[in-house]
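Close look at the chain arrangement
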Amino acid sequence: MQVYLVGGAVRDQLLGRPIKDKDFVVVGATVADMLAAGFQQVGADFPVFLHPVSREEYALARTERKQGLGYQGFSVHASPDVTLREDLQRRDLTVNAMAIEVKSLTDDTPITGKVVDYYGGLDDIENKTLRHVSSAFSEDPLRVLRTARFYGRYYDLGFSIADETLLLMRQLVSSGELAHLSSERIWQESSRAMMQVSPQVYWQQLFEIGALTEYFAPLHQVWSHAQYGQIREIVQTALYFAGQMQLNLSQRWALLMASLNTDSFALKPTDSNSDNIASNDIASNDIASNDIASNDIASNDIASNDIASNNIATAVKGINEIGNSAKVPKAQTQFATLFLQQTQKLSIIDQLSAAEKIDLIQACSAHKAPDKLSQLLVTSHVLKLAIQHRQMMLALGSFHAISMDDIDQSLKGPAIGEALRQRRIEHLQAQPVL
């Protein structure tokens, strides 16, 4: 009998990351051997056992054969003659297919500390690459989500997905295999990915390979729409900030679902020209001087409110659709819904009247759960910060887009700087806004 520490614990040890869970593979043992040693079997048909003291998982070395659809369509073969190499070959990524031998079932001290690496995991860690172990990768659609999750987890270390692995992921999506995954597993992977330092990477990767259409269709529709392409960029920035600020799962989910309410991203055109501002003031005075009937203004306000209400209702419908298809817990769905319904008010708290603030307290049930209001305000702040970030990135792009070649070459002295400034302002004003 040989016992090995395998998978994530080996990977994170090599990467210098904290080890959260330890998994072990036992080669040359039977179910009877494990039970006799005091281990508790998990499930009747699956050769995984819990350690009697540490409760860590020990699995018999096994092979798998694809026989049906989805990630459950496998037959498992576990016996003393299955080798460590065979067991590791069935794993998804090379960085997850390494092992370190330990002393025994009761002593997880490494024998030598030498890493057993049959499939190039050490090289891929060195090269910061996520690569599939074998063509068997294509047999399990769950690996599409897992690979995207690992990408998000190690994105800050500079990891990328190998081109050949991305190709297999795209093929799995095109095959329709993702439709056979259980909604529970979809949420399990997605929620874990959402709590990584770079949660935006998971969703961007799934979007790029078309993997959002099955369980997150409303999100895919908005992100794919030519008019709303900028929304995807803003939300991904917001998720990045959420990861940096360690927001909770409900807050992060609400930011992602904010994609569905396009009114949340209503941006005014950038304008740094004082003459234009002055013109706007003059126009405002002209409007004020016109004899506009007050009932016409009221009608416009009602129409505007009706449009906003319809947009929010559509967004809430999308949240519920995703919640049902991906088995999103009620807590996350309710928080996201409340955030979308109150986004506009949350973003202008300092402009609300006393009555509006009291009404907001009532709408958010903040009198019962003040922490929820705090979480909503922080979430609103992060979304607003992401919008401001996009505005300034557009400004930075315009600044760099204009050079000496774009102005009158005959200019001299201070006139050069003023001409560059004016051309950059014009370039920024021409950028598309939501």
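Residues numbered from 1 in each chain as written. Predicted model: local features only at pLDDT ≥ 70, side-chain atom pairs only at ≥ 80, totals over all residues. Heavy atoms only, no water.

1. Some remarks on unusual backbone geometry
Phi is positive for Gln246, close to 60°, though the residue is something other than glycine. Within the secondary structure, Gln246 sits in the loop between α10 (229-245) and α11 (249-257). Judged by relative accessible area, Gln246 falls into the exposed class, the value being 70%. Positive phi outside glycine occurs at Ser365, with the angle close to 55°. When you line up the elements, Ser365 lands in the loop between α15 (354-363) and α16 (370-401). Here Ser365 falls in the partly exposed class, since its relative accessible area comes to 28%. (Helix = DSSP H or I, 4+ residues; strand = E, 2+ residues; numbered from the N terminus. Buried < 20%, exposed > 50% of the residue type's maximum accessible area, 1.4 Å probe, protein only.)

2. Here's the deal with the sheet that holds strand β3 (residues 40-42)
Whenever strands of a sheet pair, they do so through backbone hydrogen bonds, lying parallel or antiparallel. Reading across from one edge, β3-β4-β5-β2-β1-β8-β9 is the order of the seven strands in this open sheet, with mixed pairing throughout. One side of each edge strand has no neighbouring strand; the edge strands of this open sheet are β3 and β9 (107-117). Going from strand to strand, the sheet's axes swing by 35° on average, the running direction of each strand aside. Across five bridges, the pairing between strand β1 (residues 2-6) and strand β2 (residues 23-27) is antiparallel. Within β2, the position partnered with Val6 by the bridge is Asp23. (Pairing = 2+ DSSP bridges. Axes fitted to C-alpha atoms, helices over the stretch in contact; angles between N-to-C directions.)

3. Overview of α16
For α16, with 32 residues, the first-to-last C-alpha span of 47 Å sits near the 46 Å given by 1.5 Å per residue. Those residues of α16 not exposed but buried are Leu373, Leu376, Thr379, Ser380, Val382, Leu383, Ala386, Ile387, Arg390 and Ser398. (Expected span 1.5 Å × (residues − 1).)

4. Regarding the packing of helix α14 (residues 330-347) against α16
Relative to each other, α14 and α16 sit at 65°, their axes nearing to 10 Å. Our classification of the angle between α14 and α16 gives roughly perpendicular. Crossing geometry of α14 relative to α16 is assigned as right-handed. Across the interface between the two elements, Phe335, Leu338, Phe339, Thr343, Leu346 and Ser347 from α14 touch Lys372, Leu373, Gln375, Leu376, Leu377, Thr379, Ser380, Leu383 and Lys384 from α16. A breakdown of the residues in the contact of α14 with α16 according to their chemical character gives eight nonpolar, five polar and two charged. (Parallel < 35°, antiparallel > 145°, perpendicular 65-115°, else oblique. Left-handed = near helix turned anticlockwise from the far one by under 90°. Contact = heavy atoms within 4.5 Å. Nonpolar A, V, L, I, M, F, W, Y, C, P; charged D, E, K, R; others polar.)

5. Points about the packing of aromatic side chains
For the coordinates displayed, the defined rule picks out 12 aromatic pairs. Taking the centre distance of 5.1 Å and the plane angle of 90° together, the rings of Trp203 and Phe216 count as edge-to-face. Of this pair, Trp203 sits in helix α8 (residues 199-208) while Phe216 sits in the loop between α8 and α9 (217-224), and the two are 13 residues apart along the sequence. Accessibility assignment for this pair places Trp203 and Phe216 in one class, buried. (Phe/Tyr/Trp six-rings, centres within 6.5 Å; stacked < 30°, edge-to-face > 60°.)

6. Here's the deal with the layout of surface pockets
Here the largest pocket is characterised by a volume of approximately 1,700 Å³. For the largest pocket, the lining is made up of 46 residues, of which Asp23, Arg146, Arg149, Arg185 and Arg192 are closest to its centre. Put simply, the parts of the chain that give the lining of the largest pocket at least two residues each are α1 (8-15), β2, β5 (57-60), β6 (62-66), β7 (74-78), α5 (142-154) and α7 (183-194). Looking at the lining of the largest pocket element by element, the count peaks at six residues for α5. Along the lines of polarity and charge, the residues of the lining of the largest pocket split into 18 nonpolar, six polar and 22 charged. (1 Å grid on protein atoms, 1.4 Å probe; cavity = no way out; pocket = protein on both sides within 12 Å on 5 of 7 lines; lining within 4 Å. Points joined across faces, edges and corners; volume = space filled by probe spheres on them.)

7. Considerations on a nonpolar patch on the surface
A surface patch of nonpolar side chains, about 400 Å² in accessible area, is lined by Met392, Met393, Leu396 and Phe399. Mapped onto the elements, Met393 comes out in helix α16. What makes Met393 partly exposed here is its relative accessible area of 42%. (Patch = residues over 30% accessible without salt bridge, like charges linked within 9 Å, V, L, I, M, F, W, Y side chains within 5 Å. Areas by Shrake-Rupley, 256 points an atom, 1.4 Å probe, with all protein chains shown as cover. Salt bridge = Lys/Arg side-chain N within 4 Å of Asp/Glu carboxyl O.)

8. Quick look at the pairing of strand β8 (residues 98-104)
When β1 meets β8, the two strands line up antiparallel, connected through four bridges. Counted as the bridge partner of Val6 is Ala99 from β8. Relative to β9, β8 is paired through five bridges, and the arrangement is antiparallel. Looking at β9, one finds that Ile100 is bridged to Val115. Where β8 hands over to β9, the hairpin turn is made up of two residues, counted between the paired strands.

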